[in-house]
Amino acid sequence: MEKEITKKYSNGEVTIVWQPHKCIHSTLCFRGLPGVFDPRNRPWVTIDGAETESIVEQIDKCPSGALSYYMNSSTLEPITIENTTLVEVLPKGPLLVYGNLKVKDAVGQEADKSKVTAFCRCGQSHNKPYCDGSHLKVDFEG
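Below is a summary of the structure that appears in this document. On a predicted model such as this, the values are computed, not experimentally measured, just so you know.

Within the largest apolar cluster, 19 residues are counted, with the highest numbers of intra-cluster contacts made by Ile16, Phe37, Trp44 and Leu67. For this core, the secondary-structure elements that each account for two or more residues are strand S2 (14-18), helix H2 (52-59) and strand S3 (67-71). Leaving out residues up to four positions away in the same chain, leucine 67 has contacts with Ile16, Val17, Trp18, Cys29, Phe37, Trp44, Ile59, Cys62 and Lys115.

Looking now at the environment of aspartate 60. Counting through the fold element by element, aspartate 60 comes out in the loop between H2 and S3. Owing to a relative accessible area of 33%, aspartate 60 belongs among the partly exposed residues under this scheme. Through-space distance from the C-alpha of aspartate 60 to that of valine 116 is 8.1 Å; in sequence the pair is 56 residues apart. With residues up to four places along the chain from it excluded, the contact list for aspartate 60 reads Tyr69, Lys115 and Val116.

What follows is about the pairing of strand S5 (residues 95-98). Across four bridges, strand S4 (residues 86-89) lies against S5 in antiparallel orientation. Across the sheet, the residue bridging to glutamate 88 is leucine 96, located in S5. Connecting the antiparallel pair S4 and S5 is a turn made up of five residues, with lysine 92 showing a positive phi of about 60°. In the sheet, S5 pairs with strand S8 (residues 116-119) via four bridges, with the strands oriented antiparallel. Along S8, the bridge assignment pairs leucine 95 with phenylalanine 119.

So, about the environment of glycine 99. Along the chain, the position of glycine 99 falls in the loop between S5 and strand S6 (101-104). On the accessibility criterion, glycine 99 (0% relative accessible area) is buried. Sequence separation of glycine 99 and cysteine 120 is 21 residues, and the distance between their C-alpha atoms is 17 Å.

Turning to the side chain of serine 134, a few remarks are in order. Note that serine 134 resides in helix H3 (residues 134-137). Classification of serine 134 as buried rests on a relative accessible area of 5%. If near-sequence neighbours (up to four positions away) are discounted, serine 134 is found in contact with Cys122, Gln124, Ser125 and His126.

We now examine unusual backbone geometry. Here the amide bond leading from arginine 42 into proline 43 is cis, since omega sits at -5°, within 30 degrees of zero. By secondary structure assignment, the location of proline 43 is in the loop between helix H1 (28-32) and H2. Here the bond from lysine 128 into proline 129 is cis, since omega is 10°, no more than 30 degrees from zero. Positionally, proline 129 belongs in the loop between S8 and H3. Positive phi outside glycine occurs at threonine 27, with the angle close to 70°.

Cut-offs used in this document
- Counting restarts for each chain, with residues numbered from 1 along the sequence as it is written.
- Residues qualify for local features only when their pLDDT is at least 70, as the model is predicted, and side-chain atom pairs are given and counted only at 80 or more; totals for whole chains, interfaces and linings, by contrast, use all residues.
- Computation of side-chain values: all heavy atoms of the structure, hydrogens and water removed.
- Throughout this description, the term nonpolar core refers to a set of buried Ala, Val, Leu, Ile, Met, Phe, Trp, Tyr and Cys residues connected via side-chain atoms within 4.5 Å.
- Burial classes follow relative accessibility: with a 1.4 Å probe on protein chains only, a residue under 20% of its type's maximum area counts as buried, one over 50% as exposed, and anything between as partly exposed.
- Secondary structure elements follow DSSP: runs of H or I no shorter than four residues count as helices, runs of E no shorter than two count as strands, and numbering proceeds from the N terminus.
- Any two residues whose heavy atoms approach within 4.5 Å are treated as being in contact.
- Between any two strands, pairing holds if DSSP finds at least two bridges.

Laid out in structure tokens, this is it:
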């Protein structure tokens, strides 16, 4: 099992929270905002590469929740959305559920999820019920 590391990057206004163990490598972050997210660099997050508003908009598109943020002027509570739940099937990928959820796993543990949660469809994830990107290794069709 991958070590659960959390890294934070702040510009004084917003703090990006990066949890690599949750990443499904959708590439949405660096394709959408390459001035901030560049996996070829170390560190791969350059917080001064864009305005706070652009950073927040891009992080909101992260399907796994590996990237999140909080505004430094507010509490450290996670940002949640308050709208209708939406389910999206990604071709050859996970099932994305947008909204506030309570997820109960196979052993009865409950977890509160907000924004976007990626659920495994290929059956190969080592982090079930969540997607860990294993569908890429097995050429999942679905």
